[in-house]
Amino acid sequence: AQHLSNIPWAFATAKESHPKLFEKIAETAIERQNEFNSQGVANLVWAYASNGQVDERLFSSLAPSAEKLLGSCNSQELGNVAWAYSAANVSAPSVFNDAFINVCLAKEDEFRTESLSQLHQWQLWQEESKSDV
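What you see is a predicted model; the values in this text were computed from it and never measured.

Visitor: Mind laying out helix H5 (residues 75–88), listing which residues take part and the relevant values?
Guide: The end-to-end C-alpha distance of H5, which contains 14 residues, comes to 20 Å, matching closely the 20 Å that a straight helix rising 1.5 Å per residue would cover. A large share of H5 lies buried, amounting to 12 of its 14 residues. For H5, the N-terminal capping position is held by Asn74, with its side-chain oxygen 3.0 Å away from the main-chain nitrogen of Gln76.

In structure tokens form, the structure reads like this:
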């Protein structure tokens, strides 16, 4: 399943958009969601959010895999997943809960500035989504 995350990651990194390709990859990724490792899930959701190709079905379908893989995520992957879900405005309480916070705290010394910024954006999104604004 690595190629299913590498292709959109490459497009997003190059700032190139190809909606039809992203749509087809999302369909296949949903079917093969259990084949992803933590890097694959993180790269895939980051690529879709970065490219503005928000596919709520994809994000919702990958939430159980993201939840299952939290413990194996490195700090960059945690930041990418948190940022991607917030940028896509897709709620995933099964992923973002006390377990997520505990994994982040266990790796707090590993976070670089970019990942900390992503977590901060996610935190602001969490606060906004709970407000009446």
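Visitor: Can you break down the pattern of salt bridges residue by residue, with the values?
Guide: As enumerated under the stated definition, the model contains 1 salt bridge in all. Residue Arg32 is joined to Glu35 by a salt bridge in which the shortest nitrogen-to-oxygen separation is 2.7 Å. By relative accessible area, which is 26% here, Arg32 ends up partly exposed.

Visitor: Describe in detail the packing of aromatic side chains, supporting the description with residues and values.
Guide: Under the criterion given, the structure shown has 7 aromatic pairs. Measuring from ring centre to ring centre gives 6.2 Å for Phe11 and Phe22, while their planes differ by 90 degrees; the resulting arrangement is edge-to-face. Separated by 11 residues along the polypeptide, Phe11 in helix H1 (residues 2–13) and Phe22 in helix H2 (residues 19–31) bring together distant segments of the chain. Looking at Phe11, the relative accessible area reads 26%, which means it is partly exposed.

Analysis parameters
Residues numbered from 1 in each chain as written. Predicted model: local features only at pLDDT ≥ 70, side-chain atom pairs only at ≥ 80, totals over all residues. Heavy atoms only, no water. Helix = DSSP H or I, 4+ residues; strand = E, 2+ residues; numbered from the N terminus. Expected span 1.5 Å × (residues − 1). Buried < 20%, exposed > 50% of the residue type's maximum accessible area, 1.4 Å probe, protein only. Polar contact = N/O pair within 3.5 Å; in protein donor to acceptor, adjacent residues only side chain to side chain. Salt bridge = Lys/Arg side-chain N within 4 Å of Asp/Glu carboxyl O. Phe/Tyr/Trp six-rings, centres within 6.5 Å; stacked < 30°, edge-to-face > 60°.

Spatial relationships are all this shows, so hold off on functional conclusions.
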